[in-house]
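Observations on chain architecture
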Amino acid sequence: QVQLVESGGGLVQPGGSLRLSCVASGNIFSNNVMAWYRQAPGKQRELVAYIASGGSTGTADAVKGRFTISRDNAKNTVYLQMNSLKPEDTAVYYCNMLHTQGEQYWGQGTQVTVSS
């Protein structure tokens, strides 16, 4: 079993920045992909960014150039640095881990609200 605990969400004004953190514990296999998803009310959950154990990354077009995903394997932590935030970024953000074996785990979600 893997547990994911998120932090860093909150209220921020447009143009501001937030840094989300997700700490993983439990049976963490070395080969995995960690990702951030988000879901707004009435919307589908969408992939925001991902990062593989080897360091390769990908970001959604909607956040490209503004969000950066990173990980610290020694701390079992993944981060999402969010800059130039827009109201349309408002959503619940979820941390996700996918093992190469196919097992998937989710964090509890953290609310990010961008509003003036």
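The preceding data block contains the structure.
Presented here is a report on the structure given in the accompanying data block. (Residues numbered from 1 in each chain as written. Predicted model: local features only at pLDDT ≥ 70, side-chain atom pairs only at ≥ 80, totals over all residues. Heavy atoms only, no water.)

**Examining the environment of Leu4**
Stated formally: In this text, helices come from DSSP runs of H or I with a minimum length of four residues, and strands from runs of E with a minimum of two, each type numbered from the N-terminal end. Under the scheme applied here, a residue whose accessible area is under 20% of the maximum for its type counts as buried, over 50% as exposed, and between as partly exposed, the area being computed with a 1.4 Å probe on protein chains only. Contacts are residue-level and defined by heavy atoms, with any inter-residue pair within 4.5 Å sufficient.
Note that Leu4 resides in strand S1 (residues 2-7). The exposure class of Leu4 is buried, given its relative accessible area of 6%. Residues Leu4 and Asn31, spaced 27 residues apart in sequence, show a C-alpha to C-alpha distance of 16 Å. Each residue touching Leu4, except ones within four places of it in the same chain, is listed here: Cys22, Val23, Ala24, Met34, Cys95, Asn96, Met97, Tyr105, Trp106, Gly107 and Gln108.

**Quick word on unusual backbone geometry**
At Asn76, a residue that is not glycine, the phi angle is positive and equals roughly 50 degrees. With respect to the helices, strands and loops of the structure, Asn76 is situated in the loop between strand S7 (67-72) and strand S8 (77-82). Positioned with a positive phi, Ser84 is a non-glycine residue whose angle comes to about 50 degrees. Tracing the backbone shows Ser84 in the loop between S8 and strand S9 (91-99). A residue is classified by how much of its surface remains accessible, and Ser84, at 42% relative accessible area, is partly exposed.

**So, the pattern of salt bridges**
How we decide: The salt bridge criterion pairs a side-chain nitrogen of Lys or Arg with a carboxyl oxygen of Asp or Glu, the two atoms within 4 Å.
Summed over the entire model, instances satisfying the criterion amount to three salt bridges. Glu46 serves as the salt-bridge partner of Arg38, at 2.8 Å between the closest nitrogen and oxygen. Relative accessible area serves as the criterion here: at 7%, Arg38 is assigned to the buried category. Among the salt bridges present, the one from Arg38 reaches Asp89, with a minimum N-O distance of 3.0 Å. In this pair, Arg38 sits in strand S4 (residues 32-39) while Asp89 sits in the loop between S8 and S9, placing the two residues 51 residues apart along the sequence.

**Remarks on the nonpolar core**
The condition is simple: We call a set of buried residues a nonpolar core when its members are Ala, Val, Leu, Ile, Met, Phe, Trp, Tyr or Cys and they connect through side-chain atoms within 4.5 Å of each other.
Grouped together as the largest cluster of nonpolar side chains are 26 residues, with contacts concentrated most on Leu4, Trp36, Leu80, Met82 and Tyr93. Residue assignment for this core shows that the elements contributing at least two residues are S1, strand S3 (18-26), S4, strand S5 (46-52), S7, S8, S9 and strand S11 (110-114). Setting aside chain neighbours within four positions, we find Tyr93 in contact with Glu6, Leu20, Trp36, Tyr37, Arg38, Val48, Phe67, Leu80, Met82, Gly109, Thr110 and Val112.

**Notes on the sheet that holds S7**
To keep it simple, the criterion reads: Pairing between two strands requires that DSSP report at least two bridges joining them. Axes here mean lines fitted to C-alpha atoms, for a helix over just the part in contact, with angles spanning 0 to 180 degrees between N-to-C directions.
The sheet built from four strands is open, its strands ordered S1-S3-S8-S7 with antiparallel pairing. If you trace the sheet from one side to the other, it starts and ends with S1 and S7, each paired once. Each strand of the sheet is rotated relative to its neighbour by a mean of 15 degrees, with strand direction disregarded. The sheet contact formed by S1 and S3 spans six bridges and is antiparallel. Bridge assignment links Val2 to a residue of S3, and that residue is Gly26.

**Some words on the packing of aromatic side chains**
For clarity, the cut-off: Only rings of Phe, Tyr and Trp enter the pairing, Trp through its six-membered ring, and a pair is recorded when the two centres are within 6.5 Å. The plane angle decides the type: under 30 degrees is stacked, over 60 is edge-to-face, the rest tilted.
For the structure shown, the criterion picks out two aromatic pairs. Taking 6.3 Å as the distance between ring centres and 90 degrees as the angle between the ring planes, the aromatic pair formed by Tyr94 and Trp106 counts as edge-to-face. With Tyr94 in strand S9 and Trp106 in strand S10 (residues 104-106), the pair connects residues that are 12 residues apart, well separated along the chain. For Trp106, a relative accessible area of 34% puts it in the partly exposed group. A network of ring pairs unites the aromatic residues Tyr37, Tyr94 and Trp106 as a single cluster.

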